[in-house]
Amino acid sequence: MSSAAPSSRPSGARVRVHHLTQAKEHGERLVMLTAYDAFTARILDDAGTDMLLVGDSIGNVALGHDSTIPVTLEEMLVATRAVASATARAMVVADLPFGTYESGPQQALASAVRLVKAGAQAVKLEGGAAREDAVRTLTQAGIPVVGHLGFTPQSINALGGYRVQARGQQEEDRLVADAVALAKAGAVALVLEMVPTPAAARVTRSVAVPTIGIGAGPRTDGQVLVWTDMAGMSEWSPRFARQFGQVGQALHQAAQDYGQAVREGSFPGPEHGFES
Ligand code: KIV
């Protein structure tokens with residue numbers, strides 16, 4: 001059940017930071033998905049996903065919150081340990097959750113160190129030029145950083161809801177300036193969320209590190225989706241996502257079939273019993 005990796009990335013060995021820039025240089029698109037637990041991470045890793053993001057979207061997807069804001073560092077540490085334990089090839093990137101890095105580089109470093117000790121090979125943080133110092137400090141400490149620009153879910157209250165960002169020339173110029181600042185500070189990749197295609201394309205041309213889009217159109221160096229959106233775990237998914245399976249429906253059917261078999265007495269069958 002494994003898949004071949006493009007030429008500049010190792011087929012069996014771990015994807016490392018230098019593979020990210022190589023992929024951009026060779027025009028090979030990077031594939032990223034979120035993961036929050038060991039079982040799912042193993043499947044996504046085995047399928048050839050280049051980067052697994054232990055996203056703070058765990059708040060919406062698995063913890064029952066309606067935003068990423070309540071997610072704690074302790075919750076991210078549990079999920080990061082689980083994903084890292086089940087991943088052989090993908091680079092594991094863990095989100096710094098809201099409230100664990102905004103005070104400054106030292107707070108960011110203390111939080112990031114814990115995620116790296118839990119198994120992350122890189123951390124991701126949200127925000128533009130204001131995070132330059134934090135990115136530089138983490139980079140100097142040997143912790144690769146992925147930036148996150150455009151719609152930044154941890155700022156949903158300030159942004160006034162789920163809205164496309166960087167619309168208009170001034171906002172687009174600021175997005176590009178933020179991207180250049182983060183790349184200069186040492187960011188190894190940049191997630192661009194919910195920005196117009198031309199703005200994402202301009203950022204992609206402006207930095208040497210790969211851009212990874214989500215709701216940012218096709219002209220980025222890679223794509224990321226929340227795995228439950230990608231796999232069709234529920235009927236709803238964001239407008240920018242495509243459901244590549246109907247896993248939610250299959251799970252629903254399996255649970256119904258199991259329930260029926262238990263109720264009618266056809267499970268367990270004779271083959272499932274222990275005689276002595
Ligand atoms: O937490 C997350 O899932 C993310 C993606 C939306 C990129 O940050």
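Refer to the preceding data block for the structure.
None of the values given here were measured: they were computed from a predicted structure.

**Student:** In this structure, what is going on with the packing of helix α6 (residues 132–140) against helix α8 (residues 169–185)? I would like to understand it.
**Tutor:** If you want to describe how two helices pack, look at the angle between their axes and the distance between the axes. Contact geometry for α6 and α8: axes closest at 8 Å, N-to-C directions at 25 degrees. Comparing their axes, α8 and α6 come out roughly parallel. As α6 runs across α8, the sense of the crossing is right-handed. Two secondary-structure elements touch here, α6 through Glu132, Val135, Arg136 and Thr139 and α8 through Ala181, Leu182 and Ala185. Of the residues in the contact of α6 with α8, the class split is 4 nonpolar, 1 polar and 2 charged.

**Student:** Just checking my understanding: could you explain unusual backbone geometry for this structure?
**Tutor:** The general pattern is negative phi for most residues beyond glycine and trans for most peptide bonds. Residue Pro268 is reached from Phe267 by a cis peptide bond, and omega for that bond is 0 degrees. Within the secondary structure, Pro268 is located in the segment after α11 (247–264). Within the chain, Ala166 stands out as a residue other than glycine whose phi angle is a positive 55 degrees. With phi around 50 degrees, Met194 is a residue other than glycine that occupies positive phi space. Within the element layout of this structure, Met194 appears in the loop between β6 (189–193) and α9 (197–206).

**Student:** Please explain the environment of Glu74 as it appears in this structure.
**Tutor:** Along the chain, Glu74 turns up in helix α4 (residues 73–85). C-alpha separation for the pair Glu74 and Gly147, spaced 73 residues apart in sequence, amounts to 21 Å.

**Student:** Is there a simple way to think about the environment of Gly265 in this case?
**Tutor:** As for its placement among the helices and strands, Gly265 is situated in the segment after α11. The spacing of Gly265 and Arg219 is 46 residues in sequence and 55 Å in space, taken between C-alpha atoms.

**Student:** What exactly am I supposed to notice about the site of the ligand here?
**Tutor:** Near the ligand you find Thr34, Leu53, Gly55, Asp56, Ser57, Asp95, Lys124, His148, Val191, Glu193, Ile214 and Val226, and these make up its full shell. One of the side-chain nitrogen or oxygen atoms of Ser57 is found 2.5 Å away from an oxygen atom of the ligand. Taking Asp95, its side chain carries an N or O atom lying 3.1 Å from an oxygen atom of the ligand.

**Student:** Would you explain the sheet that holds strand β1 (residues 30–34) in this entry?
**Tutor:** The pairing of strands in a sheet comes from backbone hydrogen bonds and takes either a parallel or an antiparallel form. Sheet architecture is closed into a barrel: 8 strands sit in the order β1-β2-β3-β4-β5-β6-β7-β8, paired in parallel fashion. Going from strand to strand, the sheet's axes swing by 25 degrees on average, the running direction of each strand aside. The sheet contact formed by strand β5 (residues 145–150) and β6 spans 5 bridges and is parallel. Bridge pairing in β6 places Gly147 opposite Leu190. Against the sheet, α8 makes contact with β5 and β6, and its axis sits at roughly 175 degrees relative to β5, the strand it touches most.

**Student:** Is there a simple way to think about the pattern of salt bridges in this case?
**Tutor:** When their charged atoms lie close together, side chains carrying opposite charge are able to pair. Overall, the coordinates contain 8 salt bridges when judged by the stated rule. Between Arg89 and Asp50 there is a salt bridge, with its nearest N and O atoms 3.1 Å apart. Separated by 39 residues along the polypeptide, Arg89 in the loop between α4 and β3 (91–95) and Asp50 in the loop between α2 (38–46) and β2 (51–54) bring together distant segments of the chain. The buried category is assigned to Asp50, whose relative accessible area is 2%. Across the salt bridge formed by Asp173 and Arg202, the nearest N and O atoms sit 2.9 Å from each other. Of the two residues, Asp173 is situated in helix α8 and Arg202 in helix α9; the sequence distance between them amounts to 29 residues. By relative accessible area, which is 34% here, Asp173 ends up partly exposed. One salt-bridge network, held together by shared partners, links Glu132, Asp133 and Arg136.

Procedures and definitions
Residues numbered from 1 in each chain as written. Predicted model: local features only at pLDDT ≥ 70, side-chain atom pairs only at ≥ 80, totals over all residues. Heavy atoms only, no water. Axes fitted to C-alpha atoms, helices over the stretch in contact; angles between N-to-C directions. Helix = DSSP H or I, 4+ residues; strand = E, 2+ residues; numbered from the N terminus. Parallel < 35°, antiparallel > 145°, perpendicular 65-115°, else oblique. Left-handed = near helix turned anticlockwise from the far one by under 90°. Contact = heavy atoms within 4.5 Å. Nonpolar A, V, L, I, M, F, W, Y, C, P; charged D, E, K, R; others polar. Near = heavy atom within 4 Å. Polar contact = N/O pair within 3.5 Å; in protein donor to acceptor, adjacent residues only side chain to side chain. Pairing = 2+ DSSP bridges. Salt bridge = Lys/Arg side-chain N within 4 Å of Asp/Glu carboxyl O. Buried < 20%, exposed > 50% of the residue type's maximum accessible area, 1.4 Å probe, protein only.

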